[in-house]
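Each chain, written out:
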Amino acid sequence: MMLTTRTATAGAIAMLVLVAGCASTSAAPPPATQSTDARVESVTGPASDSAPVVVPPPRIVKRYVQYGKQRKRQMAEYSYRHYGKREWRLTPKVIVEHYTATNSLSSVFSTFSSNARDPELHELPGTCTHFVIDRNGTIYQLVPLTVRCRHTVGLNHSAIGIEHVGMSDSAVMSNRRQVKASLHLTAWLMGTYSLAIGDVIGHNENLRSPLHYERNRAWRCQTHGDFRPATMNRYRKLVKPLAKKWSLKATPPKWRRSRC
Ligand SMILES: [Zn+2]
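To keep things clear, this report deals only with the structure shown in the data block. (Residues numbered from 1 in each chain as written. Predicted model: local features only at pLDDT ≥ 70, side-chain atom pairs only at ≥ 80, totals over all residues.)

### Points about the overall build of the protein chain
Selection rule: Helix and strand assignments follow DSSP, with helices taken as H or I runs no shorter than four residues and strands as E runs no shorter than two, numbered in order from the N terminus. Exposure is read from a count of other C-beta atoms within 10 Å of each residue's own; the residue is exposed at 12 or fewer, buried at 20 or more and partly exposed in between. C-beta atoms are placed from the backbone. Contacts are defined on C-beta atoms placed from the backbone: any two residues whose C-beta positions lie within 7 Å are in contact.
A count of helical and extended segments in the protein chain gives 7 helices and 7 strands. Secondary structure elements in the protein chain, listed N-terminal to C-terminal, are α-β-α-β-α-β-α-β-β-β-α-α-β-α. Burial status across the protein chain gives 43% buried among its 260 residues. Within the protein chain, residue pairs in contact and separated by at least 24 positions form 76% of the contacts whose partners lie at least 6 positions apart.

### Let's talk about unusual backbone geometry
Following L124, the chain continues into P125 via a peptide bond in cis, with omega recorded as 0 degrees. Within the element layout of this structure, P125 appears in the loop between α4 (105-114) and β4 (131-133). Positioned with a positive phi, H122 is a non-glycine residue whose angle comes to about 60 degrees. As for its placement among the helices and strands, H122 is situated in the loop between α4 and β4. For H122, a count of 7 C-beta atoms within 10 Å translates into the label exposed. Despite not being glycine, S247 shows a phi value in the positive range, around 55 degrees.

### Digging into the packing of helix α6 (residues 176-193) against helix α7 (residues 229-245)
For clarity, the threshold we go by: Here, axes are lines fitted to C-alpha atoms. For helices the fit covers the stretch in contact, and angles between N-to-C directions go from 0 to 180 degrees. For classification, angles of less than 35 degrees are called roughly parallel, those exceeding 145 degrees roughly antiparallel, those between 65 and 115 degrees roughly perpendicular, and all remaining angles oblique. Each crossing gets its hand from how the near helix is turned against the far one by less than a right angle, where anticlockwise is left-handed and clockwise is right-handed. Only Asp, Glu, Lys and Arg are considered charged in this grouping, and only Ala, Val, Leu, Ile, Met, Phe, Trp, Tyr, Cys and Pro are considered nonpolar; every other residue, Gly among them, is considered polar.
Two numbers describe how α6 lies on α7: the axes approach to 10 Å, and their chain directions differ by 55 degrees. Classed by the angle they form, the pair α6 and α7 counts as oblique. Crossing of α6 over α7 shows right-handed handedness. Contact residues: L183, T186 and A187 in α6; L238, V239, L242 and A243 in α7. Considered class by class, the residues forming the contact of α6 with α7 number 6 nonpolar, 1 polar and no charged.

### Topic: the environment of Y67
Within the secondary structure layout, Y67 lies in the loop between β2 (59-62) and α3 (69-83). Residue classification places Y67 among the buried positions, given that 21 C-beta atoms sit within 10 Å. Sequence separation between Y67 and P144 is 77 residues; the distance between their C-alpha atoms is 9.4 Å. Those residues in contact with Y67, other than ones at most four positions away along the chain, are K72, V143 and V147.

### Some words on the environment of Y78
Note on placement: Y78 falls in helix α3. Exposure remark for Y78: the 20 C-beta atoms within 10 Å place this residue in the buried category. Along the chain, Y78 and L124 lie 46 residues apart, while their C-alpha atoms are 7.1 Å from each other.

### Structural notes on the nonpolar core
Threshold: Each nonpolar core comprises buried Ala, Val, Leu, Ile, Met, Phe, Trp, Tyr and Cys residues, the members being joined through C-beta atoms within 7 Å.
One finds I95, V132 and L189 to be the most contacted residues of the largest nonpolar core, which totals 40 residues. Residue assignment for this core shows that the elements contributing at least two residues are β3 (94-99), α4, β4, β5 (139-141), β6 (159-164), α6 and β7 (200-202). With near-sequence residues (within four places) excluded, I95 lies in contact with I160, I162, T186, L189, L195, D199 and V200.

### Describing α6
Note the cut-off: By definition here, a helix of n residues has an expected span of 1.5 Å times n minus one.
In this model α6 runs 26 Å from its N-terminal to its C-terminal C-alpha over 18 residues, within 8% of the 26 Å that 1.5 Å per residue would give. Those residues of α6 not exposed but buried are Q178, A181, S182, L185, T186, A187, W188, L189, M190, G191, T192 and Y193. Backbone geometry just after α6 places S194 at a positive phi near 55 degrees.

### Some points on the pairing of β6
Looking along a regular strand, one sees the side chains alternate between the two faces of the sheet. Worth spelling out the cut-off: Two strands qualify as a pair provided DSSP detects at least 2 bridges between them.
Buried residues dominate β6, accounting for 6 of its 6 residues. Alignment of β3 against β6, held across 6 bridges, turns out to be parallel. For I95, the partnering residue across the bridge sits in β6 and is I160. Summarising the sheet, β4 and β6 pair through 3 bridges and their orientation is parallel. Its bridge partner being in β6, I133 is matched across the sheet by H164.

That is the geometry; function is a separate question.
Below you can see the structure in the form of structure tokens.
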């Protein structure tokens, strides 16, 4: 979610990380409500028309943030403003990889559970993500996969968000435990929702996604600097052996020409 726009300088980026990120404050994380592998989620089945592929689920610790009626109403209104239809339910069609630009897991929980107006775009509901992967490779789920989260402008109508605790994409990619967990989670989601390797993108690639849609003209070129194309090309290459092993779709990305 972190780092801001295409033109931000290193100094500006550092400042924006402090004020506008996915995880910029600190507080103790709420206690885990339950620890489980992800089989319970898979029982509910994919939203895709295609048949799911059975991928062994990674271990996922569920620490759901507050996402009650009010937040769902706010998400539905957000969807109306930005996508033209009041809806808070998610039908996953793309997976977006992020990093938090903080090394603090607790600040990530604090930010996403607060449901406060985000400091960058000043809207409600507050930003969130479906998963956060800590530096030790532990995967936390914050929001059910049936619910929309605000993590990527233009794609929140259909995107699953995966945050990685870390200060840069290179820091995440050099952390073997984190990458291993991330690839397994991504492959499991691909299998569950019949997604292809090309449906796995970085936040920084959002403007070129054929699914990108934004009614607010001022937001149409909004992106963040996390998980840039070069990093995502490496990431997608690492997904390939898993796609082969589990017979997942290996179709590469089909990019749209960005007008930004
Ligand atoms: Zn991001």
